[in-house]
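Fold and geometry: a report
Here is how the chains run, residue by residue.
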Amino acid sequence: MPDYLKIVVPSVAGFITTICAAFLSARWAVRRAYQERWWYRKEQAYREIVDALHDLLRYSSFEADRDLNGDRGDHPKEKEFALRYSEAYWTVQRMTDIGYFVISQKAADILQKLRNRPKLEWDDGPAFELREQGASHYREALDGIRECARNDLKV
């Protein structure tokens, strides 16, 4: 074998190896960046759902306690809780609609079950029991969503 081939062949092999390594490294880095970004979006969606369910639960429990104690006077937090309840309600509705695109199927099913639950009729019983029943629905959904988030986000 000529001397120049002893120099050129290892150089070409090293060059090809370098090109392949650079290509694969770049591809893996881009894939990892997309995975991290998708994980962040999922985490943000779950956080938004948990916050909304917490606000729904807090207001329902607050109103149930007030009904139980017969306290219908002005409470300093009533307007704030009611406003947050309204915002949380619409957040859960929105996340139910777009949830299948971001969160797990099981989590989306939990939100859909919450949306499809029978509406409470005020003539069916005492207000305390109805509000407590609503709070139990929110509590159940919150527990299910937290479990789904733990599994989906692998934390």
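Before reading further, recall that the structure is shown in the block above.
Here we summarise the structure given alongside this text. These numbers come from a predicted model, not from an experiment.

Here we come to the overall build of the protein chain. Summing up its helical and strand segments, the protein chain has four helices and zero strands in all. Along its sequence from the N terminus, the protein chain presents helices and strands in the succession α-α-α-α. For 155 residues, the compact-globule estimate of 2.2 N^0.38 gives 15 Å, and the protein chain exceeds it by more than 25% at 27 Å. A total of 155 residues make up the protein chain; the buried ones form 28% of that total. By sequence separation, contacts in the protein chain at least 24 residues apart represent 68% of the contacts at least 6 residues apart. As displayed, the protein chain offers around 10,700 Å² of accessible surface, 58% of which is attributable to carbon and sulfur atoms. Computed over 25 positive and 25 negative side-chain charges, the separation of the two mean positions in the protein chain equals 10 Å.

A few words now on the environment of Gln 133. Within the secondary structure, Gln 133 is located in helix α4 (residues 127–153). With a relative accessible area of 38%, Gln 133 lands in the partly exposed category.

Procedures and definitions
- Residues numbered from 1 in each chain as written.
- Predicted model: local features only at pLDDT ≥ 70, side-chain atom pairs only at ≥ 80, totals over all residues.
- Heavy atoms only, no water.
- Helix = DSSP H or I, 4+ residues; strand = E, 2+ residues; numbered from the N terminus.
- Rg over C-alpha atoms; globule rule 2.2 N^0.38 Å.
- Buried < 20%, exposed > 50% of the residue type's maximum accessible area, 1.4 Å probe, protein only.
- Contact = heavy atoms within 4.5 Å.
- Areas by Shrake-Rupley, 256 points an atom, 1.4 Å probe, with all protein chains shown as cover.
- Lys, Arg positive; Asp, Glu negative; His and termini not counted.
- Charge placed at Lys NZ, Arg CZ, Asp CG, Glu CD.

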